[in-house]
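# Fold and contact review
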Amino acid sequence: MRYSGWRVFTEGLRGQRGWQPVWRDPEPKGGYEVVIIGGGGHGLATAYYLAREHGIRNVAVLEKGYLGGGNVGRNTTIVRANYFLPGNSEFYSHSLKLWEGLEGELNYNVMHSQRGLINLFHSDGQRDAFARRGNAMINQGDDAILLDREGVREKLPYLDFDQGRFPIYGGLYHPRGGTARHDAVAWGYARGADALGVDLIQNCEVTGIEVKDGRVTGVETTRGRIGAGKVGIVVAGRSSQVAAMAGMRLPIESHVLQAFVTEGLKPVIDHVVSFGMGHFYISQSDKGGLVFGGDLDFYASYAARGNLPMVEHVMEAGMTLMPMIGKARVLRSWGGIMDMTPDGSPIIDRTGIDGLFLNCGWCYGGFKAVPGSGNVFAHLMAKGAPHPVAARYRLDRFRDGVGLMDEEGTGAQHNLH
Ligand SMILES: Cc1cc2nc3c(=O)[nH]c(=O)nc-3n(C[C@H](O)[C@H](O)[C@H](O)COP(=O)(O)OP(=O)(O)OC[C@H]3O[C@@H](n4cnc5c(N)ncnc54)[C@H](O)[C@@H]3O)c2cc1C
């Protein structure tokens, strides 16, 4: 079924009786050409592009819970292409271009809103770093404008420009950055993949990975064994656990990241804004809630909720930057499980086991990567060779130290995150 304004109009006249389920609910078959473990954004996008761009339609996505119930439905929805380092820069640029055509391609409203993102800076040194980042973005073909203090004031008059401790010197403005409705992205890809014949199987947890003579042959699940020619592990915060089923030990630590939303307010914040002197960022959802977050809780955990010290830290940073938000009431907070790599950059690669592929390590930034990641992972799984924009996301960079992309300046050690 194609969605359109006309369809909404005619369904209104017919009492909304013509809508169909958005995807089927199939029983798992005995085997598939490709099995994707994980029905988050990355897994669903991979299945979609396998079917759409490579004609591989005998595909199942196995999800232990419900589609979009993981981090893809828990993030703060920011989409941007403002990465600095070669490797990440071209990948996120590719991903943003896919975002820009996504609603038309999927025939689904993912509410992609390019409202502009402003990273604030608060010292001369930080200005230099952001100027370099902006130049890297422009060299990559993306957009960046360095704003001075008055330029920021024009766009964000509600910030506290007078506070003495962290004065605002300016900001790096990325007009094509913005937000998208997170779970709609999962639903859009699910609908697109299903329409191309992919089986989306929910309530199906993978409990084992079957390997014979160095080659993957299938998976054990809570709904029985499923044979597979190729298997992709795309389970975000659970990557270490699932890879361990195939005897692998990954350079991943799972950490909690929290986020918060206030009650709905009239439009007040019409950009995405990030504070340069504390980990705090904010945008306003189309429903009116102020959506904001900060840094990791800084301990390894599989709990999808965080602790009070980080709540206090985030609120403090928010109040420092824009005291007006103190009047808003926080409605909810939640956490998600982040798959942190030592260098802050992802892994999209083959493994030492034939037919077994790995997509993980998105840290706290994998939502914006969903289209790009699905697109390049499908390429890798279909062709056996990396997509040119993802060629540096090798797993072995953590073994030999060659080609680390140290985006966060944290080095190759986990404890520096
Ligand atoms: C609070 C918060 C804020 C964030 N903000 C942003 C942001 O603003 N911008 C941004 O770019 N990124 C952001 N992120 C990061 C982003 O959400 C993640 O990097 C990304 O969603 C991870 O990929 P995914 O969507 O495939 O993960 P998920 O949605 O977690 O998908 C993985 C799926 O695998 C399933 N699974 C796990 N184990 C098994 C198994 N054994 N068998 C079957 N299925 C299994 C899980 O149930 C889950 O549904 C944020 C994350 C959080 C938590």
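Residues numbered from 1 in each chain as written. Predicted model: local features only at pLDDT ≥ 70, side-chain atom pairs only at ≥ 80, totals over all residues.

### Observations concerning the site of the ligand
In the vicinity of the ligand there are 38 residues, among which Gly 38, Gly 40, Gly 70, Gly 336 and Gly 366 approach most closely. Taken together, the residues of the shell around the ligand sort by class into 14 nonpolar, 18 polar and six charged. Both domains that meet at the shell around the ligand, namely domain 1 (26–77 + 182–251 + 343–416) and domain 2 (114–177 + 253–340), each give it at least three residues. (Near = placed C-beta within 6 Å. Nonpolar A, V, L, I, M, F, W, Y, C, P; charged D, E, K, R; others polar. Domains from an automatic or database assignment.)

### Section: the domain arrangement of the chain
Many structure descriptions define interface size as the accessible area lost when the parts assemble. Split by domain assignment, the chain resolves into domain 1 (26–77 + 182–251 + 343–416) and domain 2 (114–177 + 253–340). When each unit is reduced to the centre of its C-alpha atoms, the spacing between domain 1 and domain 2 is 29 Å. Residue-level contacts link 15 residues of domain 1 with 14 residues of domain 2. Tallied by class, the residues present in the side of domain 1 that touches domain 2 amount to five nonpolar, nine polar and one charged. (Contact = placed C-beta atoms within 7 Å.)

### Brief notes about the sheet that holds strand 6 (residues 170–174)
The eight strands are arranged 5-6-4-13-14-15-12-16 in an open sheet whose pairing can be described as mixed. Unpaired on one side and paired on the other, strand 5 (145–148) and strand 16 (330–340) mark the two borders of the sheet. Going across the sheet, the axis of each strand differs from the next one's by a mean of 25°, ignoring polarity. Relative to strand 15 (residues 289–300), strand 14 (residues 281–284) runs antiparallel, the two sharing four bridges. Looking across to strand 15, one finds that Ser 283 is bridged to Val 291. Where helix 9 (residues 308–321) meets the sheet, its contacts fall on strand 12 (253–264), strand 14, strand 15 and strand 16, and the angle it forms with strand 15 comes to roughly 135°. (Pairing = 2+ DSSP bridges. Helix = DSSP H or I, 4+ residues; strand = E, 2+ residues; numbered from the N terminus. Axes fitted to C-alpha atoms, helices over the stretch in contact; angles between N-to-C directions.)

### A look at the nonpolar core
With 115 residues, the main nonpolar core has Val 35, Ile 37, Leu 44, Ala 47 and Val 59 as its most contacted residues. With seven residues, the top contributor of residues to this core is helix 2 (residues 41–54). Sequence-distant contacts of Ile 37, that is, excluding residues within four places in its chain, are made with Leu 62, Val 206, Val 219, Val 231, Gly 232, Ile 233, Val 234, Val 235 and Val 242. (Core = buried A, V, L, I, M, F, W, Y, C linked by C-beta atoms within 7 Å. Buried ≥ 20, exposed ≤ 12 C-beta atoms within 10 Å, placed from the backbone.)

### As for the pairing of strand 6
Across the five residues of strand 6, five count as buried, placing the element largely inside the fold. Neither face of strand 6 is exposed, since Gly 170, Leu 172 and His 174 on one face and Gly 171 and Tyr 173 on the opposite face are all buried. One ladder, built from five bridges, connects strand 4 (residues 117–121) with strand 6; its direction is antiparallel. Paired with Ile 118 across the two strands is Tyr 173, which belongs to strand 6. In terms of strand pairing, strand 5 meets strand 6 through four bridges, oriented antiparallel. When the sheet's bridge partners are listed, Ile 145 is paired in strand 6 with Tyr 173.

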